[in-house]
Amino acid sequence: MVTVGIDPHKHVHVAVAVDARGNRIGKPLTVKNDGLLITAVLTWIRAITDATPVTWAIEDGHGFARRLADGLLLAGQEVVWVPSRLTAAHRKLHAATGSKSDAIDAVAAAHAAIATPDLTRHRIDERVRELRVLTDYRADLVKRRTMMINQLKAQSHLWLDHTPGDLARAKVVAALTARLEAAEVGIHVRQVIVTMISELAEANNRIHDLDIRIKELVTPLTPNLLAITGISHNSAAVLLSEIGDIERFSSSAKLARYTGCAPIPVYSSDNERHRLHRGGNRRLNSVLYTAAIVQTRFNPAAQKLIARQEPTKGARGARRILKRHLVDVIYRAMHTDQASWQHQIARCQPLALT
């Protein structure tokens, strides 16, 4: 049995293979996190192990290894997630004092997987995978649309009474086109701006179509999640695509740490206080921030919590407390929704013949 430990990063991953006794096999692999990722790691491990079964132990970071885990699983490989605390513990146990590198972290992840056989195995739900592709594509389109709007605003000052966000609506784009026709500008400038407006309108239509498709997919999957004030269909889709299997978090506190909503204790001069956690998944943190803002405006319970905490914690501190409370609510809602999926799948499976 061979275990491959992987230390994931944003741009590259480092993999090290070890045998059943924890000894290294072959040379470490440093591979780019791109479209050839799966081909590269499978070619590397087959050259080392031939037909020996392989378990891929990936350190559970901030989502950097999601593409790798999905690709390996779809290729028929066994993939487990190793918590960062286990990796750190085995690094201290096996590595020289004070030494740390990507290869050492990868070996520590492999040792942790060997020592802990009940680690969470990576799974793919096809519905969640569809939402992940759609939400990632939508996020990319929104970024490109923002760039188009900023460029258009820099080249033309025909709508100074509007904000850039107004151009996300077809009515305002049509009004800008009409104003351009009446304006006195050079023929080349007019052609460029007309082309930019046309590209912007196309991006708006594509984002609108994606919103409809995401709503159709996410509505039957997350009824309890959508019932939470401040969680839209797009927000629910992001939560599903980024978190995936909610059962990989054994408590809401671990989910809060993953989203960057768990405050970090700070001790100074016998004064215990907490500060903002700037780590975690920032995409999920953004969803929770938006939900907290909406709840502050429209949810009476959230308004009472803010009013109760604001005198001592301040406006930002009170909002962080609300975000941490929202993690608990979202955690319970996602558990309830996922349990209903599993119940539906169990009902649809045919009974085994005896």
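This is a predicted model, so every value here is computed, not measured. (Residues numbered from 1 in each chain as written. Predicted model: local features only at pLDDT ≥ 70, side-chain atom pairs only at ≥ 80, totals over all residues. Heavy atoms only, no water.)

Points about the pairing of strand 4 (residues 54-59)
Filter applied, for reference: Three labels apply to residues, based on accessible area from a 1.4 Å probe with only protein chains included: buried if under 20% of the type maximum, exposed if over 50%, partly exposed otherwise in between. Segments assigned H or I by DSSP are reported as helices when at least four residues long, segments assigned E as strands when at least two residues long, and all are numbered from the N terminus. Pairing between two strands is assigned when DSSP locates at least 2 bridges connecting them.
Most of strand 4 sits inside the fold, with six of its six residues counted as buried. Residues of strand 4 alternate between two faces, with Val54, Trp56 and Ile58 on one and Thr55, Ala57 and Glu59 on the opposite face, all of them buried. Strand direction decides the pairing type here: strand 4 and strand 5 (residues 78-82), joined by five bridges, are parallel. Following the sheet pairing, tryptophan 56 is matched in strand 5 by valine 79.

Examining the packing of helix 6 (residues 170-182) against helix 7 (residues 187-218)
Let me state the cut-off plainly: Fitting a line to C-alpha atoms yields each axis, with helices limited to the stretch in contact; the angle taken between N-to-C directions then spans 0 to 180 degrees. Note that the term roughly parallel is reserved for angles under 35 degrees, roughly antiparallel for angles over 145, roughly perpendicular for angles of 65 to 115, and oblique for everything else. In what follows, a contact means two residues having at least one pair of non-hydrogen atoms within 4.5 Å.
Between helix 6 and helix 7, the shortest axis-to-axis distance is 11 Å and the interhelical angle comes to 170°. Judged by the inter-axis angle, helix 6 sits roughly antiparallel to helix 7. Seen from helix 6, the contacting residues are Val173, Leu176, Thr177, Leu180 and Glu181; seen from helix 7, they are Arg190, Ile193, Val194, Ile197, Leu200, Ala201 and Asn204.

Some thoughts on the packing of aromatic side chains
The cut-off we apply is this: Note on aromatic contacts: the rings of Phe and Tyr and the six-membered ring of Trp form a pair at centre separations within 6.5 Å, being stacked when their planes are under 30 degrees apart, edge-to-face when over 60 apart, and tilted otherwise.
In this structure the tally under the stated criterion is one aromatic pair. Centre to centre, the rings of phenylalanine 249 and tyrosine 258 are 5.2 Å apart; their planes meet at 50°, and the pair counts as tilted. According to the relative accessible area criterion, phenylalanine 249 is buried, its value standing at 7%.

What to know about the nonpolar core
Rule in force here: To form a nonpolar core, buried Ala, Val, Leu, Ile, Met, Phe, Trp, Tyr and Cys residues must be joined to one another through side-chain atoms within 4.5 Å.
Residues Leu225, Ile231, Leu239, Ile243 and Ile330 are the most contacted members of the largest nonpolar core, which totals 42 residues. Counting residues per element, the ones that place at least two in this core are helix 5 (126-155), helix 7, helix 9 (233-243), helix 10 (252-259), helix 11 (282-298) and helix 12 (300-348). In terms of residues, this core owes the most to one element, helix 12, which gives 12 residues. Apart from the residues within four sequence positions on either side, leucine 225 is in contact with Ile231, Ala236, Leu239, Ile330, Ala333, Met334 and Asp337. Within the second largest apolar cluster, 22 residues are counted, among which are Leu29, Val54, Trp56 and Leu68.

Remarks on a positive patch on the surface
Threshold: Nonpolar side chains (Val, Leu, Ile, Met, Phe, Trp, Tyr) are joined into patches within 5 Å and like charges within 9 Å, using only residues with over 30% relative accessible area and no salt bridge. In short, Shrake-Rupley with a 1.4 Å probe defines the accessible areas, and a residue's cover is counted only from the protein chains shown. One speaks of a salt bridge when a side-chain nitrogen belonging to Lys or Arg is within 4 Å of a carboxyl oxygen belonging to Asp or Glu. Residues scored as charged are limited to Lys and Arg (positive) and Asp and Glu (negative), so that His and the chain ends carry no count. In this description, the location of a charge corresponds to atom NZ of lysine, CZ of arginine, CG of aspartate or CD of glutamate.
On the surface, Arg278, Arg282, Arg316 and Arg320 cluster together into a positively charged patch. Looking at the secondary structure, you find arginine 278 in the loop between strand 7 (271-275) and helix 11.

Notes on the pattern of salt bridges
One pass over the full model with this rule turns up eight salt bridges. The residue aspartate 70 makes a salt bridge to arginine 132 at a minimum N-O spacing of 2.6 Å. Residue aspartate 70 is found in helix 2 (residues 66-74), and its partner arginine 132 is found in helix 5; the two are separated by 62 residues along the sequence. You'll find aspartate 70 and arginine 132 in the same group, each marked buried.

A few points about the confidence of the model for the protein
For the record, the criterion: Confidence per residue, as judged by the predictor, is encoded in pLDDT with a range of 0 to 100.
Residues with a pLDDT of 70 or more make up 89% of the protein, whose mean pLDDT is 85. Confidence, expressed as mean pLDDT per element, reaches its minimum in the protein at strand 7 with 66 and its maximum at helix 8 (residues 223-226) with 95. For the stretch residues 349-354, pLDDT sits under 50, and the model shows zero contacts to residues farther than four places along the chain or on other chains.

Details of the packing of helix 5 against helix 7
To keep things clear, this is the line we draw: For a crossing to be left-handed, the near helix must be turned anticlockwise from the far one by less than a right angle; the clockwise case is right-handed. Amino acids outside the nonpolar list (Ala, Val, Leu, Ile, Met, Phe, Trp, Tyr, Cys, Pro) and the charged list (Asp, Glu, Lys, Arg) are all regarded as polar, and Gly is one of them.
Running from N to C, helix 5 and helix 7 cross one another at 155°; their axes reach a closest spacing of 9 Å. Put simply, helix 5 runs roughly antiparallel to helix 7. In this structure, helix 5 meets helix 7 at a crossing whose hand is left-handed. Across the contact of helix 5 with helix 7, the residue classes break down as 18 nonpolar, four polar and seven charged.

Describing the environment of glutamate 310
For glutamate 310, the location among the structural elements is in helix 12. Spatially, the C-alpha atom of glutamate 310 lies 9.9 Å from that of isoleucine 321, the residues being 11 residues apart in sequence. Among residues more than four places away in sequence, those in contact with glutamate 310 are Ala315 and Ala318.

Regarding the pairing of strand 1 (residues 2-8)
In regular strands, side chains alternate between the two faces of the sheet. By the criterion of burial, strand 1 is predominantly enclosed, with seven of the seven residues buried. Residues Val2, Val4, Ile6 and Pro8 line one face of strand 1 and the alternating positions Thr3, Gly5 and Asp7 line the opposite face, and both faces are buried. Across five bridges, the pairing between strand 1 and strand 4 is parallel. Across the sheet, the residue bridging to valine 4 is tryptophan 56, located in strand 4. When strand 1 meets strand 2 (residues 12-18), the two strands line up antiparallel, connected through six bridges. Each bridged residue has a counterpart across the sheet, and for aspartate 7 the counterpart in strand 2 is valine 14.

Here we look at helix 6
Just so we agree on the cut-off: Expected helix span is taken as 1.5 Å per residue step, with the number of steps being one fewer than the number of residues. Here the arc refers to the set of directions running from the helix axis out to each C-beta atom.
A rise of 1.5 Å per residue sets the reference length of helix 6, with its 13 residues, at 18 Å; its end C-alpha atoms lie 19 Å apart and thus fit the reference within 8%. Here helix 6 has its buried residues at Val172, Val173, Leu176 and Leu180. All buried residues of helix 6 fall inside an arc of 100° around its axis, so they share one side. Opposite its buried face, helix 6 presents the exposed residues Ala170, Lys171, Glu181 and Ala182, each directed more than 90 degrees away. Residues of helix 6 that are buried in the fold lie against helix 5 and helix 7.

What about helix 7?
The α-helix winds at 3.6 residues per turn, so residues separated by three or four positions along the chain end up facing the same way. Between its first and last C-alpha atoms helix 7 spans 46 Å; for 32 residues at 1.5 Å apiece the expected length is 46 Å, and the two agree. For helix 7, every residue scored as buried is listed here: Ile193, Met196, Ile197, Leu200, Ala203, Asn204, Ile207, Leu210, Ile214 and Val218. Packed against the buried residues of helix 7 are helix 5, helix 6, helix 8 and helix 9.

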